[in-house]
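Residue-level structure breakdown
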Amino acid sequence: MMNTEVERLAELLSKHHKSEEQQLRIEGVELDDITLREFDERVRAVYGHVCGIDEAGRGPMAGAVYAAAVILDPEKPINGLNDSKKLTEKKREKLYDEIIANAKAYCVAFATVEEIEATDILSADLLAMKRAYDGMGEKAGMIIVDGDVLPDIDGEIKCLKKGDARSEAVAAASILAKVSRDRYMKEQALLYPQYGFEKHKGYGTKAHIDAVDAYGLCPIHRASFFRKHFEKNEQK
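None of the values given here were measured: they were computed from a predicted structure.

1. Some remarks on the layout of surface pockets
- By volume, the largest pocket is sized at about 230 Å³.
- Surrounding the largest pocket, 18 residues form its lining, Glu55, Ala56, Gly57, Lys85 and Tyr203 being those nearest its centre.
- Secondary structure elements with two or more residues in the lining of the largest pocket: strand S1 (50–56) and helix H6 (168–191).
- When residues of the lining of the largest pocket are assigned to their parent elements, the largest contribution, four residues, is made by H6.
- A per-class count over the lining of the largest pocket returns three nonpolar, four polar and eleven charged.

2. Things to note about the packing of aromatic side chains
- Counted by the stated rule, this structure contains five aromatic pairs.
- Ring centres 5.5 Å apart and planes at 20° place the aromatic pair tyrosine 195 and phenylalanine 197 in the stacked group. Taken individually, tyrosine 195 and phenylalanine 197 each receive the classification buried, so the pair is uniform in this respect.
- Residues phenylalanine 226 and phenylalanine 230 carry aromatic rings whose centres are separated by 6.0 Å and whose planes lie at 25° to one another, so their mutual orientation is stacked.
- The class for phenylalanine 226 is buried, based on a relative accessible area of 0%.
- Grouped by ring-pair contacts, the aromatic residues Tyr66, Phe110 and Tyr184 constitute a single cluster.
- Here the basic side chain of arginine 183 rests over the ring of tyrosine 96, its NZ or CZ set 4.3 Å away from the ring centre.

Calculation rules
Residues numbered from 1 in each chain as written. Predicted model: local features only at pLDDT ≥ 70, side-chain atom pairs only at ≥ 80, totals over all residues. Heavy atoms only, no water. 1 Å grid on protein atoms, 1.4 Å probe; cavity = no way out; pocket = protein on both sides within 12 Å on 5 of 7 lines; lining within 4 Å. Points joined across faces, edges and corners; volume = space filled by probe spheres on them. Helix = DSSP H or I, 4+ residues; strand = E, 2+ residues; numbered from the N terminus. Nonpolar A, V, L, I, M, F, W, Y, C, P; charged D, E, K, R; others polar. Phe/Tyr/Trp six-rings, centres within 6.5 Å; stacked < 30°, edge-to-face > 60°. Buried < 20%, exposed > 50% of the residue type's maximum accessible area, 1.4 Å probe, protein only. Lys NZ or Arg CZ within 6 Å of the ring centre and 35° of its normal.

The values reported here are purely geometric and, on their own, carry no functional implication.
This is the structure:
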């Protein structure tokens, strides 16, 4: 039976309509063309503690989808925070440790392959975000979610397009989510070495697709993501 939490979020998503009103704006406060730290400082001045939320693993064809929620401590600034995709793996790992050591609160959570397949990737992504925020055990005055879809979280919450490149809190969340998921995929590579998960992290590279054609799907593959590929093979 479908997990009731996932089922409820899927129902919410079916009623969801993207709206510019969900994007973070503060009347009388300029939020463009400033540093990530200045962005958070300006939001914090109005709302108090800022929580950033971001995900990792929406696009891959295998593995769980991860999300992180982070409230940074302004008294313990962390230099170099940025969109995790713009950082080297070595830099992400270093910042991961700094965030864990210095954040006021944080939590990393995930939604399983089974939950992704039971609904869809976006619903599962929102579920992981909700779990991350709820698991943090700390409330924020403003919750900023990267992108343009809001999870079902109680509190003052807004979206921010390209938020991981605009807000330090969101950037920190993107780093925790990315590093956590990369480590998870490296662990899965030990269980299923024929697929090369440690290299492509589940994305649909040629090497990954070729491995699936040779060995079939394994338990962590998102079967629905391969439907078109298998249909195309059948037509050959």
